[in-house]
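Per-entry structural report
Here's the letter readout for the chains.
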Amino acid sequence: MVGCGVVLMTWPPTESYHQFSLILHAFGLYVSFLQIFQTRYQMARLYTQRALGKAGEMDVVNTDTRETHWTGSVKLLLPMVWFGHMFQLHLAIYAFRIWLSFPKEIHPLCVSMFNLAMFLGNFSTTLIVVREKAKNRTANNKKTQ
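Heads up: these notes are all about the structure in this document. Counting from 1, residues in each chain are numbered in the order their sequence is written. For this predicted model, a pLDDT threshold of at least 70 governs which residues receive local features, and a threshold of 80 or more governs which side-chain atom pairs are given and counted, while totals over whole chains, interfaces and linings are taken from all residues. Side-chain descriptors were evaluated using all non-hydrogen atoms of the structure, hydrogens and water having been removed beforehand.

**Considerations on the nonpolar core**
We call a set of buried Ala, Val, Leu, Ile, Met, Phe, Trp, Tyr and Cys residues a nonpolar core when their side-chain atoms join them within 4.5 Å. Here's how the labels work: a residue is buried when its accessible area is under 20% of the maximum for its type, exposed when over 50%, partly exposed in between, all with a 1.4 Å probe on protein chains only. Core analysis: the largest hydrophobic core is formed by 20 residues, its most contacted members being Leu-8, Phe-20, Leu-34, Phe-87, Leu-91 and Val-111. Counting only elements with at least two residues in this core, the list comes to helix H1 (2–10), helix H2 (15–51), helix H3 (72–101) and helix H4 (107–144). A run of DSSP states H or I qualifies as a helix once it reaches four residues; a run of E qualifies as a strand once it reaches two. Both are numbered from the N-terminal end. Looking at which element gives the most residues to this core, the answer is H3, with 8 residues. The contacts of Leu-8, once residues within four sequence positions are left out, are Tyr-17, Phe-20, Leu-24 and Val-111. The contact rule is simple, with two residues in contact once any of their heavy atoms fall within 4.5 Å.

Encoded structure:
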């Protein structure tokens, strides 16, 4: 992530930068909106844990030890996270296409590779966590029956 930031900061204001900057700003706005939504979800979850006496005033939501509640909020949050991952993949492909148009500039290729690496890491981590939580959920349902 830091490497991508360095490349973006050193990218001169050329035609390729102007082509990429609009979609990059749209991605930044989407991520900001998603972070606000995730914060609201975590605050509501922590409030519920406090109300049930399972968390104290200074506790934070720990996804490893708390069971996931598949409520309406998380069912809305997950597709938004998946969309963010796809947006990140789109950024990588778009930057690569810009590099094909301007092969003498290295910045679009570097940004493309960084975004592809971040997409692969984010997507695989989210997929693993969701599968693990779903597996734990079915195991907990079988125990209660």
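Don't stop here, the text continues.
**Points about the environment of Thr-14**
Here Thr-14 lies in the loop between H1 and H2. Along the primary structure Thr-14 and Glu-105 are separated by 91 residues, whereas in three dimensions their C-alpha atoms are 9.5 Å apart. By the criterion applied in these results, polar contacts are pairs of N or O atoms within 3.5 Å in which, for protein atoms, one can donate a hydrogen and the other can accept it, and in which residues neighboring in sequence qualify only through two side-chain atoms. One polar contact links Thr-14 to Ser-16, side chain to side chain, over a distance of 3.0 Å. Side-chain polar atoms of Thr-14 contact the side chain of Glu-105, separated by 3.2 Å.

**Notes on the environment of Val-6**
For Val-6, the position within the fold is in helix H1. A relative accessible area of 43% places Val-6 in the partly exposed class. Along the primary structure Val-6 and Val-111 are separated by 105 residues, whereas in three dimensions their C-alpha atoms are 9.7 Å apart.

**Notes on H1**
Residues separated by three or four positions in an α-helix point in the same direction, a consequence of the helix having 3.6 residues per turn. Looking only at H1, the buried set comprises Cys-4, Val-7 and Leu-8. Projected down its long axis, H1 shows its buried positions confined to an angular sector of 100°, all on one face. Residues of H1 that are exposed and angled more than 90 degrees away from the buried face: Val-2 and Met-9. In this context, the arc is that of the directions from the helix axis out to the C-beta atoms.

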